Amino acid sequence: KMPYRPQGEILLVYPDEDAKDAITIRVGDLRRLRSHEFLNDTLVDYYLKYLQIQIAELPGGKEKLQRCHFFNSFFYKRLLGKSEAKTREER
């Protein structure tokens, strides 16, 4: 069992703090990796970022990434929010 640590305590910034789209993993996110828990957006974004970096390091990986786009998990929420705003304006 993990000793108590505040939910908001930062455990990891990936790939590093200076990266434009760095992912910050906190204690609360780590607890989502337990059995019978659901993953959250931050963990999904972390894994997508991890995959991008791993692919980029493969031979020909940078060229492969030029043909791909990785949306973060907040994209859909933002897209949905804009769609809902348009619907309200049309009424």
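Reading guide: rules and limits
Residues numbered from 1 in each chain as written. Predicted model: local features only at pLDDT ≥ 70, side-chain atom pairs only at ≥ 80, totals over all residues. Heavy atoms only, no water. Helix = DSSP H or I, 4+ residues; strand = E, 2+ residues; numbered from the N terminus. Buried < 20%, exposed > 50% of the residue type's maximum accessible area, 1.4 Å probe, protein only. Contact = heavy atoms within 4.5 Å. pLDDT = per-residue confidence, 0-100. Expected span 1.5 Å × (residues − 1). Arc of directions from axis to C-beta. Phe/Tyr/Trp six-rings, centres within 6.5 Å; stacked < 30°, edge-to-face > 60°.

Caption draft 1: Representation of the environment of Leu33. By the secondary structure assignment, Leu33 is in the loop between α1 (27-31) and α2 (41-56). Owing to a relative accessible area of 52%, Leu33 belongs among the exposed residues under this scheme. Aside from chain neighbours lying at most four places away, what touches Leu33 is Leu39 and Leu43.

Caption draft 2: Highlighting the confidence of the model for the protein chain. Here the protein chain averages 87 in pLDDT, and 87% of its residues register 70 or above. Mean pLDDT values for the elements of the protein chain range from 69 in helix α4 (residues 74-90) up to 96 in strand β2 (residues 23-26).

Caption draft 3: Seen up close, α2. Taking 1.5 Å per residue, 16 residues should reach 22 Å; α2 reaches 23 Å between its end C-alpha atoms and fits that length. Turning to α2, its buried residues number three or more, namely Thr42, Leu43, Asp45 and Lys49. End-on view of α2: buried residues confined to an arc of 160 degrees, all on one side of the axis.

Caption draft 4: How the structure looks around the packing of aromatic side chains. Applying the stated criterion across every chain, the model contains five aromatic pairs. Plain terms: the ring middles of Tyr46 and Tyr50 are 6.5 Å apart, the flat faces sit at 25 degrees to each other, and that makes the pair stacked. With Tyr46 and Tyr50 both in helix α2 and four residues apart, the pair spans about one turn of that helix. Members of the aromatic cluster, connected to one another through ring pairs, are Tyr14, Tyr46, Tyr47 and Tyr50.

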